Amino acid sequence: MAINVAPIMSKLSGERGAFHSEADFQHAFAWELQRQHVGAQIRLETRPTQGQHLDILMREGGRELAIELKYLTAAWSGVDHGEELHLLNHGAQDIRGYDCVKDLVRVEHFVRSRPDATGLVVVLSNDPAYWRPITHDRETNASQFRLREGTVLEGIRAWGALTGEGTKKNRTADLVLAGRYACVWKPYSNLDGRRGEFRSLAWGVS
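Reference entry: report on the structure contained in this document. Just so it is clear, the structure is predicted and the values come from calculations on it, not from any experiment. (Residues numbered from 1 in each chain as written. Predicted model: local features only at pLDDT ≥ 70, side-chain atom pairs only at ≥ 80, totals over all residues. Heavy atoms only, no water.)

## Thoughts on the pairing of strand S2 (residues 54-60)
Burial within S2 is extensive, with five of its seven residues counted as buried. Relative to S2, strand S1 (residues 41-46) is paired through five bridges, and the arrangement is antiparallel. Its bridge partner lying in S2, Arg43 is registered against Leu57. As paired strands, S2 and strand S3 (residues 63-72) are joined by five bridges and run antiparallel to one another. Across the sheet, residue Leu57 finds its bridge partner in S3, namely Ala66. With antiparallel pairing between neighbouring strands as the criterion, S2 and S3 make up a hairpin whose turn holds two residues, including Gly61 at a positive phi of roughly 60°. (Buried < 20%, exposed > 50% of the residue type's maximum accessible area, 1.4 Å probe, protein only. Helix = DSSP H or I, 4+ residues; strand = E, 2+ residues; numbered from the N terminus. Pairing = 2+ DSSP bridges.)

And the structure:
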């Protein structure tokens, strides 16, 4: 089941320019998905089989769609549609990038294990460090996990040899992607103040 994520994000951005947290984003996304697919089963925080975990699982017409969402924020405070928000500064773009690639691997594993299954990974951020294009040719310890505009994620993604143990804590494993995923950031919303610009990134998994 392939869905077009653009109408969902467009509808969300018209109602919510930002979210309080990743859980808030997940809930809003699932709610809009249900509105656009009235007959579908939408489940949050599912464990479809032992050892598997998905943010959202959608079932419709005998097909399944696995969805992972990431909300990567820089500090921002302001008002959106009359609602006051205070976003935390997550930082640690290398670690967060690893987690995004790990989500892709998780969804790929689910799709391979189920007939008639597809997947989707969506990233929303107001931190330009994620999408700023690369301006040098140097390899860094976290190069394989950067999500910068124009980057292509494929094959084995691994930390550089000099990566500190603190950075790799609980994230030591190399990540192996079966597919090829281009990083193309799309405008989401533009709110007042520094770090008020939000962009989204979406990868379909088939």
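Moving on, there is more to tell.
## Considerations on the pairing of S3
Across the ten residues of S3, nine count as buried, placing the element largely inside the fold. Note that S3 and strand S6 (residues 117-125) share nine bridges and pair parallel. Its bridge partner being in S6, Glu68 is matched across the sheet by Val121.

## A word on the sheet that holds strand S10 (residues 197-205)
Taking strand neighbours across the sheet as the criterion, the six strands line up as S1-S2-S3-S6-S10-S9 in an open arrangement whose pairing is mixed. The sheet is open, and its two edges are formed by S1 and strand S9 (186-190), each paired on a single side. In this sheet, adjacent strand axes meet at a mean angle of 25° when their direction is disregarded. Contacts from helix H1 (residues 5-15) reach S6, S9 and S10 within the one sheet, and its direction differs from that of S6 by about 35°. (Axes fitted to C-alpha atoms, helices over the stretch in contact; angles between N-to-C directions. Contact = heavy atoms within 4.5 Å.)

## Quick notes on the packing of aromatic side chains
This structure, assessed with the given rule, holds ten aromatic pairs. What links up through ring pairs into an aromatic cluster is the set Phe19, Phe25, Phe29, Tyr71 and Tyr188. (Phe/Tyr/Trp six-rings, centres within 6.5 Å; stacked < 30°, edge-to-face > 60°.)

## Comments concerning helix H2 (residues 22-36)
For H2, which comprises 15 residues, the first-to-last C-alpha distance of 21 Å matches the rise-based estimate of 21 Å (1.5 Å per residue) to within 8%. Among the residues of H2, Asp24, Phe25, Gln26, Ala28, Phe29, Ala30, Glu32 and Leu33 are the ones counted as buried. (Expected span 1.5 Å × (residues − 1).)

## Focus on the environment of Leu54
Topologically, Leu54 is positioned in strand S2. With sequence-adjacent residues up to four places away left out, Leu54 is seen in contact with Glu45, Thr46, Pro48, Ala66, Ile67, Glu68, Arg106 and Phe110.

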